[in-house]
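Residue strings, one per chain:
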Amino acid sequence: MPNTAVVTISTQGHVRTIRLDRPTRMNSLDLNAKARLLDALRTAADDPDVRAVVLTGTGRAFCVGQDLEEASTVGDGQAMADAVREQYNPLVRTLLTMPKPVVAAVNGVAAGAGMALALACDVRIAAASATFTTAFAGIGLSCDTGISWTLPRVAGRAVALDLLLRPRLLGAAEALDLGLLQQVVADEEFEDAVHRSAAQLAAGPTRAFAAIKTAVTFASGSTLDDALECEAAQIAETGASVDYQAA
């Protein structure tokens, strides 16, 4: 029987892999895929046995963003805005606030909301053949899926504006040079490299990782004094942890 799943989930050790699985649609996101992805991310976030998460795609795409065939039936701009608030924003919040590290394993094309989802992950590893584009302005739209928040923080305001105002196809090497990625790996070595990275994170101090994510995200929109106080609060929590005592 053909595979009818749009998101597939597997677990190896303490690593949960969430795979967008619509290869004939370049892993584009229709309503069902967004709902299944959000459920998979929330389940991984809440599962104490999961210590690291990998987000990836099947076939030649990581994710090309919104399924435009479905989008043509959404309606006017306000209906599109409602869809962003209800369907995309929860995905971004879940990735950014998940109390465990998330690796974006970019196996192929990452476009529009797909590129934005990768940027919302903590670590980004790409196959050498992967490509990236913001895409939004190319179809006459503003940006969404948190990319206005993540891209300037990853690459700086000037680079972010350039990539958003003049969308073009970036190869993995250029994306690495711009700071969008931490690692580029030959295609034939990609899956092994992702597994090693995720396993290393899963073996680390999960509570400390969660506290670091909280502190860094909080500091992005806070004053220095508030950021320092947040750091102190996270130290209070992690300083009482078994991981710290063991270390």
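Heads up: the structure comes first, above all this text.
Attention in this report is confined to the structure presented alongside it. Because the structure is a prediction, the values reported are computed rather than measured.

**Here's the deal with helix α6 (residues 157–165)**
Three or four residues apart is the spacing at which side chains of an α-helix point the same way, because the helix has 3.6 residues per turn. Within α6 the residues assigned to the buried category are Ala-160, Leu-163 and Leu-164. What you see down the axis of α6 is that its buried residues fit within an arc of 95°, all on one side. Of the residues in α6, the exposed ones pointing more than 90 degrees away from the buried face are Ala-158 and Leu-165. In the core, the buried residues of α6 are packed alongside α5 (147–155) and β9 (170–171).

**Notes on the sheet that holds strand β6 (residues 109–111)**
One open sheet accounts for four strands, arranged β4-β6-β8-β9; its pairing is mixed. Two strands bound the open sheet, and with one partner strand each, they are β4 (61–63) and β9. Pairing of β6 with strand β8 (residues 131–133) involves three bridges; the strand directions are parallel. Across the sheet, the residue bridging to Val-109 is Thr-131, located in β8.

**A few points about the packing of α5 against α6**
Relative to each other, α5 and α6 sit at 130°, their axes nearing to 7 Å. Comparing the axis directions of α5 and α6 gives the class oblique. Handedness of the α5/α6 crossing: right-handed. The segment α5 lies against α6, with Ile-147, Leu-151, Pro-152 and Ala-155 engaging Arg-157, Val-159, Ala-160, Leu-163 and Leu-164.

Cut-offs used in this document
- Residues numbered from 1 in each chain as written.
- Predicted model: local features only at pLDDT ≥ 70, side-chain atom pairs only at ≥ 80, totals over all residues.
- Heavy atoms only, no water.
- Buried < 20%, exposed > 50% of the residue type's maximum accessible area, 1.4 Å probe, protein only.
- Helix = DSSP H or I, 4+ residues; strand = E, 2+ residues; numbered from the N terminus.
- Arc of directions from axis to C-beta.
- Contact = heavy atoms within 4.5 Å.
- Pairing = 2+ DSSP bridges.
- Axes fitted to C-alpha atoms, helices over the stretch in contact; angles between N-to-C directions.
- Parallel < 35°, antiparallel > 145°, perpendicular 65-115°, else oblique.
- Left-handed = near helix turned anticlockwise from the far one by under 90°.

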